Amino acid sequence: MKSRLTVALAGNPNSGKTTIFNGLTGARQHVGNYPGVTVERKEGTLRYGDTEMTVVDLPGTYSLTAYSVEELVARNFIIEEKPDVVVDIIDASNLERNLYLAVQLMELGTPLVLCFNMSDMAAAKGLSFDQEKLSRFFGAPIVNTIGHKGEGLKELLARVEEVARRGVQGPVSEIGYGREIEAELKTLVRLLEEENQIPEGYSPRWLALKLLENDREVGALVSSPAIRAQVEKSAKRLRGILGEDPETAIAAGRYGFISGACQEAAVSSVESRHSYSDKIDSVVTNRVLGIPLFLALMFLVFHLTFTVGDPLMGLIETGFGWLGDVVGGLWPEGSGSLLRSLLVDGIIGGVGGVVVFLPNILLLFLAISILEDSGYMARAAFIMDRLMHRIGLHGKSFIPMLIGFGCTVPAIMATRTLENRRDRLTTMMVAPLMSCGARLPIYSLIIPAFFPGNWHAPLLWIIYVTGIVLAILAAKLLRSTVLKGESAPFVMELPPYRMPTLKGVLIHMWERAGIYLKKAGTVILGVSVLLWALTTFPRPSEADTARFDAAREEILAGGHAEEEELLEQVDFREAEAALRHSWAGRIGVMMEPVIRPMGFDWRIGTALIGAFAAKEVFVAQLGIVYSVGEADEDSDSLRDKLRENYSPLAALSIMLFNLVSAPCMATIAVTRRESNSWGWALLQLGGLTVLAWVVSTVVFQGGVLLNLGI
Amino acid sequence: MTVPLSASLEDYLEAIFHVIREKGEVRPGDIAERLGVSGASVTGALRSLAGRNLITYTPYGEIGLTSAGRSAAGDVVRRHEVLRDFFVKVLAVEQSHADQAACRMEHSVSRDILEKFVRFVEFIDLCPRGGKLWLEGFSRKCDYGRDHGQCETCVSEAMEKVRKTAVSKEEGKRMKLRDLKPGERGKVSSIGPGTPAVRRMVEMGVTRGTLVEVERVAPLGDPVEIKVMGYHLSLRRDEAEGIEVERI
């Protein structure tokens, strides 16, 4: 008897698998990725008596084909890593469909325990089972559990240990697929054996079955041309006789076995046609009420995330400001210490910039977890699919896009609900075009500075709509070029509504927030320090410093009444000179030829470098380059300066550039993390920058040609 | 379609359609092998098809059918199948022989004639004076040259059938799943070629003989929500194209 066991949890989505996993392992979880794919791999450990069990939560799947990454990952894990026991979590209130996966696990010949979860719901629905009989059909013990109450977990572990000890027992019943298919299977098995084409760990019948099912992965395992030819011949023959594809007929065979087993062993006392879930649905997905309700719910999510989150963000900002002051206070006033600047402006500022989003992210994922766990998310996708499908996306893309109006970082993380990689990447790529909250200060600084009052609202609206239109166009472009291909079929279960559990929701929320902090945090911190260096080095020449010091002394000696004010002005001028002298300033100057066509000068260029750290920095940087000191979006002195230097047309161009270009480095870091590739992150950065340049240039040059706005 | 496709291009399109259906992907080699032509002519044909926007094709890249290409290929395949079925079922010609003949005829049959053809075959199937027995009578005549005057029994049998079908016509009605309205129920009667969406539906339990009920349609008109085996499944109408049901 091994004292260490590996137990894999398999099961349909919405079968309560995650609840069982959480119930078994509690907080001792580890989240990673399967090698090479962006499928989450969750692992946890627990002790049962003297046995240490490693529990692996396989991705939730309905089947084990090679058509989706999740299914392939689950299948390969079972075949290659040979867990000691596979536990199939089954929603007992929806037995037949859930048993489809069980049948496939049985066919794989893996040691199996069937866990009939939500047995309370099944009982409430009037379903009862002859478990002994079912257990014999599937050659596996059956355990009843109620996941959210933690009932039955002890017995589950006992059965797991028992099965691990005795292994697969006796002849498991074999599914008969009917005369024609069986004949072809027999031919294929014989051929496989003759040609010695059975890889280690595979059963010949299973291989033959998968070959007939036209399974690409398994097809690649078998190299013999004779077998390939036979498979083609068999498939063709079956298609002729049965009038449907062999894979369809085989699936029907499995369901035949299931319905046979259920007829013998399951009793349904009442047929509940209209459950509470149906009643909710008749309102929530109602033709008239569906969309308004959906929009209202989304508004609520928004409200929760950004209105409740904002004071918390303010608190964190204040906290980091205080920390910066304390650390800064360790040096004498006016000290030019590099270390102080690095600590205060680079590291504390940079880390603060990451952590400040945490309330938003936690709240947003709290809301999403509740919507997901309750079953509403599937309905939201159902309602919006028509619209999203038109622009080449999936119903589920809508939520991330909407969140993008708040903050792009959680929006990109919310794309995790999309299963199809192409759909997911497209959504990730275009989500930044939804004008995020951090861009708002830029608009609210610039619009009142240049445009008359009755223009304010329409202009803001135009900017937001421009973002949406560009996102639609970009999605279409991506779907017809680099991300060409069918979008995921919308064959999706609408699970019954359920009360989410607090534990489940919190674990769900924390998993995602933790990933954000850990992975995005490291990259963002690095870039913050780099940006700090760009705006700090090279340091102002001694001559310059001396010049400003002399100016200060002169003021002090003069004994002016507005001494304070004058001194402040000198400080601002010094900061401006230092910035211009720094790499950021030099790059701004160097960029001038490139940004000139958009109507920008080096000052805007320098501010844009800062804006790459985060868009809200743009306003503050403009404040520095225009020597008006601490600036925010309500700063009238900054508005005056801007009016002196730019035309309304250039102002529009500035806003458009900020709308379209990548919102912040956190976005790029999160895209890199979520797409698992620098390629996509850099494509996003490059694509958005180029698009922004083109849009701004076209608008500015077009305006100049038409003699507008000067 | 503006310019009609040449017969040989139609053959290529048909081959691509079949290979994708069987293997899931298609390489120029597969097409060459299937049609018994050289690689060079395959390349030429692929370029020409891509030029008409029927397939997506770049050298060494994946070959795929565009939606226009899929419907054009489906058209050819249908013509082929209608002709072949007529030869096999009505004229009792041997399968391979029927296939060959259908292959040659499919290019020249116009859409109009084809529609009539389909209707005629249906007519034979459904008309009480036609049907299986009638066809069997025809093949007996072919085989034995017999010409017996059993017409009276035949007519009375036919009348009996008329009465029966009149009843069953009320009950069962074949239609596409996508056309079923909310609240209507149907029994799945046939499942078309395995697109990824159809394959997924089958795995979710929409197999032949299963009862489905349309619960509701999304506010924007698509997708639809159906009930199958006691749970709710949503699907897009277009993706359920290949699934036929008998309305109950």
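The rules behind these values
- One numbering rule holds for all chains: residues counted from 1, following each sequence as written.
- Chains carry letters from A onward and ligands carry numbers from 1 onward, assigned in written order.
- Local features in a predicted model are, by the rule used here, given only for residues with pLDDT of at least 70; side-chain atom pairs are given and counted only at 80 or more, and totals for whole chains, interfaces and linings are based on all residues.
- Only hydrogens and water are removed before side-chain values are computed, so all heavy atoms of the structure are retained for them.
- Buried and open spaces are told apart on a 1 Å grid over the protein atoms alone, a cavity being a set of points where a 1.4 Å probe fits but cannot get out and a pocket being an open set with protein on both sides within 12 Å along at least five of seven lines. Residues with an atom within 4 Å of a point are the lining residues.
- Grid points are joined across faces, edges and corners, and a volume is the space filled by probe spheres set on the points.
- Under the DSSP-based scheme used, a helix requires at least four consecutive residues in state H or I and a strand at least two consecutive residues in state E, with every element numbered from the N terminus.
- Residues are grouped as follows: Ala, Val, Leu, Ile, Met, Phe, Trp, Tyr, Cys and Pro are nonpolar; Asp, Glu, Lys and Arg are charged; every other residue, Gly included, is polar.
- The rule is simple: take the accessible area with a 1.4 Å probe, protein chains only, and divide by the maximum for that residue type; under 20% is buried, over 50% is exposed, in between is partly exposed.
- Residues enter patches when their relative accessible area tops 30% and they take part in no salt bridge; the joining distance is 9 Å for like charges and 5 Å for the nonpolar side chains Val, Leu, Ile, Met, Phe, Trp and Tyr.
- In this description, accessible areas are obtained by the Shrake-Rupley approach with a 1.4 Å probe, and a residue is regarded as covered only by the protein chains that are shown.
- We define a salt bridge as a side-chain nitrogen of Lys or Arg found within 4 Å of a carboxyl oxygen belonging to Asp or Glu.
- Any two residues whose heavy atoms approach within 4.5 Å at even a single point are treated as in contact.
- In short, buried area is how much 1.4 Å probe accessible area vanishes from two parts on joining, totalled over both.
- Under the rule applied, a polar contact is a pair of N or O atoms within 3.5 Å (in protein, one hydrogen donor and one hydrogen acceptor; residues adjacent in sequence only if both atoms are side-chain atoms).
- A pair of strands is considered paired only if DSSP assigns at least 2 bridges between the two.
- Here the positive residues are Lys and Arg and the negative ones are Asp and Glu; neither His nor the chain ends is included.
- Charge placement uses NZ in Lys and CZ in Arg. For Asp and Glu, CG and CD serve respectively.
- Between the first and last residue of a helix there are one fewer steps than residues, each counted as 1.5 Å, and that sum is the expected span.

A. Structural context of empty space enclosed by the protein. A full pass over the atoms with the stated rule returns ten cavities of 30 Å³ or more. The computed volume of the largest cavity comes to approximately 90 Å³. T65, Y67, E213 and E247 of chain A together with E203 of chain B are, among the 13 residues lining the largest cavity, the residues nearest its centre. Breaking the lining of the largest cavity down by element, the ones donating at least two residues are helix 11 (246–265) of chain A together with helix 9 (196–203) of chain B. For the lining of the largest cavity, the residue count by class is five nonpolar, two polar and six charged.

B. Region of interest: unusual backbone geometry. Cis rather than trans, the peptide bond between D222 of chain B and P223 of chain B has omega equal to -10°. Following the sequence through the fold, P223 of chain B ends up in the loop between strand 5 (211–217) and strand 6 (224–228). For K82 of chain A, which is not glycine, the phi dihedral falls at a positive 40°. For N53 of chain B, which is not glycine, the phi dihedral falls at a positive 65°. Summarising the element assignment, N53 of chain B is placed in the loop between helix 3 (39–51) and strand 1 (55–56). On the accessibility criterion, N53 of chain B (55% relative accessible area) is exposed.

C. Region of interest: a nonpolar patch on the surface. Residue and element names in this part refer to chain A. Taken together, the side chains of V594, V690, W693, V694 and V698 make up a nonpolar region of the molecular surface, amounting to roughly 430 Å² of accessible area. Looking at the nonpolar patch element by element, the count peaks at four residues for helix 31 (residues 678–705). Turning to its location among the elements, V694 is positioned in helix 31. Taking relative accessible area as the criterion, V694 reaches 38% and is therefore assigned partly exposed.

D. Layout of the interface of chain A and chain B. At the interface, 52 residues of chain A touch 42 residues of chain B. Surface buried jointly by chain A and chain B totals about 4,200 Å² across both partners, of which 51% is contributed by carbon and sulfur atoms. Across the contact surface, chain A and chain B share five salt bridges. Linking chain A to chain B there are 14 residue pairs in polar contact (both at pLDDT 80 or more). At the level of secondary structure, the elements contributing two or more residues to the side of chain A that touches chain B comprise helix 3 (95–108), helix 10 (225–242), helix 11, helix 12 (276–284), helix 13 (290–328), helix 16 (376–390) and strand 10 (492–493) of chain A. Per-element tally for the side of chain A that touches chain B: the top contributor is helix 16 of chain A, with six residues. Here the side of chain A that touches chain B is built from residues that sort into 18 nonpolar, 15 polar and 19 charged. The pairing of strand 10 of chain A with strand 7 (residues 231–235) of chain B spans two bridges and is antiparallel. Directly across from M492 of chain A, in strand 7 of chain B, lies its bridge partner S234 of chain B.

E. Examining a negative patch on the surface more closely. Together, E562, E564, E565 and E568 of chain A make up a region of like negative charge exposed at the surface. Within the element layout of this structure, E565 of chain A appears in helix 24 (residues 563–581).

F. Helix 29 (residues 648–660) of chain A, seen in detail. All names here are of chain A. With 13 residues, helix 29 extends 18 Å between its outermost C-alpha atoms, agreeing within 8% with the 18 Å of an ideal straight helix rising 1.5 Å per residue. By the criterion of burial, helix 29 is predominantly enclosed, with eleven of the 13 residues buried. Every buried residue of helix 29 is listed here: L649, A650, A651, S653, I654, M655, L656, F657, N658, L659 and V660. Tucked inside the fold, the buried residues of helix 29 contact helix 20 (440–450), helix 21 (456–480), helix 26 (602–613), helix 27 (617–625) and helix 31.

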